[in-house]
Amino acid sequence: MPARRRCLLILVCLLAVLLEGCPLVWRRITVNEVIRPDDVSFIVPGATTLADVVKNLGAPGSIKRVDSGTVVRYQFLDSKYFTIDVTRPLPFFFPLLELFPNDLYQLKYGGGGLGTEELQVEFDKNWVVVYYAFAHHQQASRYVP
Amino acid sequence: MIFVRSMLLTVAAAILVQGCAFFRGNYDDDFKQEDVELIKIGASTRQDVANLLGAPERVIEVHDKEIFHYYNYTVKSGTLIFFSRTNVVGNDLYVFFSSDGIVEQVLLGRQKPPPKLQFWPFGD
C-alpha cells in the first residue's frame, strides 16, 4: 500500500477513535413522502371524489369530521437535529477526568427543527372535493448549532 | 507481510465502523391484499371486517357513520459514526360503514413504497 494512502488510513482511524461516542451527531428523521403540487393536479373542486384522491395519493393519514363535511390530511414530517459535545475530547488531554463521571463536566450544544408538509382536502357530505390546500413548513426543519 | 497487511486493514475497518448501527422495525403488519379483497361492499358487516383485519386502531364517526381506521408503520434507521437517518413510512386503510353497519367503501389506494435504509442526513 503506498505510504500516502497508509498515512491517510491511519489518520482516518485516529479521527474515528477521537470521535468515538459520537460527540458530533447530525440526526434526521422523516415520516412518509412529500406530496408535491404536481401530484394533485388531477383534483378539481366540485368534481373529484374521495375515491379518485385515494387512487392517486393513497389513503390519507387522518380523516376528521367538520361541520361542513370531512377533512382528510396527508402529512410529511422532517426533523433535523444537531448536537455537539464540546467536552468529549477533554479526557484525552486530562486523563484525570476519567475518574469522574462525565456528567460533572459535560457541555453539549444542540438544536434542530421539525418541519411539516401537509396536504388538506375537504369533502362535502357526498365525498366530493370542496377545496384542497398545502401547508408548507418544511423550511422549519434545519440543523441548528 | 500479506497477513500483517490484512490484519491492519481489518483493524482499520473495525475502528471505522464503530458507532455504526442499522435498525429496522415495524408497528403492526402490512395489509394483505387478499384480506382486503374479501371485504364485500354492500354485504360485509363490522364483524366480518373485524374477523378479517382484526379490531381497528381507531373508530372515527363522520356524518353518523362509522369508519374503521387501520394503520401500520415501517421504520429503517442507519447510523454511521456521526451521521444518522431514520425513515418512517405509514400506510392507512379505512373501511366506511353505512348507518346499518354494512360496508360502503374501502379506502386503500396506492401503498407507499417501504422506507429506504439511509445514514446520510443531508439532501432529500
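Heads up: the structure comes first, above all this text.
Residues numbered from 1 in each chain as written. Chains lettered and ligands numbered in written order. Predicted model: local features only at pLDDT ≥ 70, side-chain atom pairs only at ≥ 80, totals over all residues. Heavy atoms only, no water.

Caption draft 1: Just the overall build of chain A, in detail. Of regular secondary structure, chain A possesses three helices and five strands. Secondary structure elements in chain A, listed N-terminal to C-terminal, are α-β-α-β-β-α-β-β. Looking at the 145 residues of chain A, the share that counts as buried comes to 36%. The long-range share in chain A, meaning contacts at least 24 apart out of those at least 6 apart in sequence, stands at 66%. Carbon and sulfur atoms provide 59% of the accessible area of chain A, an area that totals close to 8,800 Å². (Helix = DSSP H or I, 4+ residues; strand = E, 2+ residues; numbered from the N terminus. Buried < 20%, exposed > 50% of the residue type's maximum accessible area, 1.4 Å probe, protein only. Contact = heavy atoms within 4.5 Å. Areas by Shrake-Rupley, 256 points an atom, 1.4 Å probe, with all protein chains shown as cover.)

Caption draft 2: Region of the structure containing the nonpolar core. Formed by 22 residues in total, the largest nonpolar core has its most connected members in Leu50(A), Ile63(A), Tyr74(A), Phe123(A), Tyr94(B) and Phe96(B). Among the secondary structure elements, those contributing two or more residues to this core are helix H2 (50-57), strand S3 (69-85) and strand S4 (108-123) of chain A together with strand S2 (58-62) and strand S4 (83-97) of chain B. Broken down by element, this core gets its largest block of residues, four residues, from H2(A). Within the second largest apolar cluster, eleven residues are counted, among which are Phe31(B), Ile39(B), Val49(B) and Leu108(B). (Core = buried A, V, L, I, M, F, W, Y, C linked by side-chain atoms within 4.5 Å.)

Caption draft 3: How the structure looks around the environment of Ile102(B). Residues and elements named next belong to chain B. Relative to the elements of secondary structure, Ile 102 occurs in the loop between S4 and strand S5 (103-107). Residue class for Ile 102 comes out partly exposed when judged on its relative accessible area of 23%. It is 27 Å that separates the C-alpha atoms of Ile 102 and Gly 90, two residues lying twelve residues apart in sequence. Aside from chain neighbours lying at most four places away, what touches Ile 102 is Gly 42, Ala 43, Ser 44, Thr 45, Phe 96 and Phe 97.

Caption draft 4: Layout of the packing of aromatic side chains. By the definition in use, this model includes 13 aromatic pairs over all chains. Each ring, one from Tyr27(B) and one from Tyr73(B), has its centre 6.3 Å from the other, and the planes form 50°; the classification is tilted. With Tyr27(B) in strand S1 (residues 21-27) and Tyr73(B) in strand S3 (residues 65-80), this residue pair connects regions lying 46 residues apart in the sequence. Relative accessible area serves as the criterion here: at 31%, Tyr73(B) is assigned to the partly exposed category. Site record: aromatic cluster; members linked through ring pairs are Trp26(A), Phe82(A), Phe83(B), Trp120(B) and Phe122(B). Stacked on the ring of Phe97(B), the Lys or Arg Arg46(B) has its end atom at 6.0 Å from the ring centre. (Phe/Tyr/Trp six-rings, centres within 6.5 Å; stacked < 30°, edge-to-face > 60°. Lys NZ or Arg CZ within 6 Å of the ring centre and 35° of its normal.)

Caption draft 5: Highlighting unusual backbone geometry. Of note in the backbone geometry, Asn32(A) takes a positive phi value of approximately 70° without being a glycine. Mapping Asn32(A) onto the fold places it in the loop between strand S1 (24-31) and H2.

Caption draft 6: How the structure looks around the pattern of salt bridges. Residue and element names in this part refer to chain B. If you walk through the whole model with that rule in mind, you get four salt bridges over all chains. Of the charged contacts, one joins Glu 66 and Arg 46 as a salt bridge, the two residues approaching to 3.0 Å between their closest N and O atoms. Of this pair, Glu 66 sits in strand S3 while Arg 46 is found in helix H3 (residues 46-53), placing the two residues 20 residues apart along the sequence. A salt bridge links Lys 65 to Glu 104, with the shortest nitrogen-to-oxygen separation between them at 3.4 Å. Here Lys 65 is found in strand S3, whereas its partner Glu 104 is found in strand S5, with 39 residues between them in sequence. For Lys 65, a relative accessible area of 32% corresponds to the partly exposed category. (Salt bridge = Lys/Arg side-chain N within 4 Å of Asp/Glu carboxyl O.)

Caption draft 7: The arrangement of the pairing of S2(B) in detail. Residues and elements named next belong to chain B. When S2 meets S3, the two strands line up antiparallel, connected through five bridges. Each bridged residue has a counterpart across the sheet, and for Val 62 the counterpart in S3 is Lys 65. In this structure, the hairpin formed by S2 and S3 is closed by a connection of two residues, where His 63 is found at a positive phi of approximately 50°. (Pairing = 2+ DSSP bridges.)

Caption draft 8: Structural view of the interface of chain A and chain B. Taken together, the contact pairs 38 residues of chain A with 36 residues of chain B. Regarding the contact of chain A and chain B, the summed buried area is about 3,300 Å², with carbon and sulfur atoms giving 61% of it. Looking only at chain A, the three residues that lose the most surface to chain B are Trp26(A), Arg28(A) and Ile63(A), adding up to 20% of its buried area. Taken together, the connections running from chain A to chain B amount to zero salt bridges. At the surface where chain A touches chain B, the tally comes to 15 residue pairs in polar contact (both at pLDDT 80 or more). Of all elements in the fold, only helix H1 (3-18), S1, H2, strand S2 (62-66) and S3 of chain A reach the threshold of two or more residues within the side of chain A that touches chain B. The element contributing the most residues to the side of chain A that touches chain B is S1(A), with eight residues. When grouped by side-chain class, the residues that make up the side of chain A that touches chain B number 23 nonpolar, eight polar and seven charged. Relative to S4(B), S1(A) runs parallel, the two sharing six bridges. Looking across to S4(B), one finds that Arg27(A) is bridged to Ser84(B). (Buried area = accessible area lost by both parts, 1.4 Å probe. Polar contact = N/O pair within 3.5 Å; in protein donor to acceptor, adjacent residues only side chain to side chain. Nonpolar A, V, L, I, M, F, W, Y, C, P; charged D, E, K, R; others polar.)

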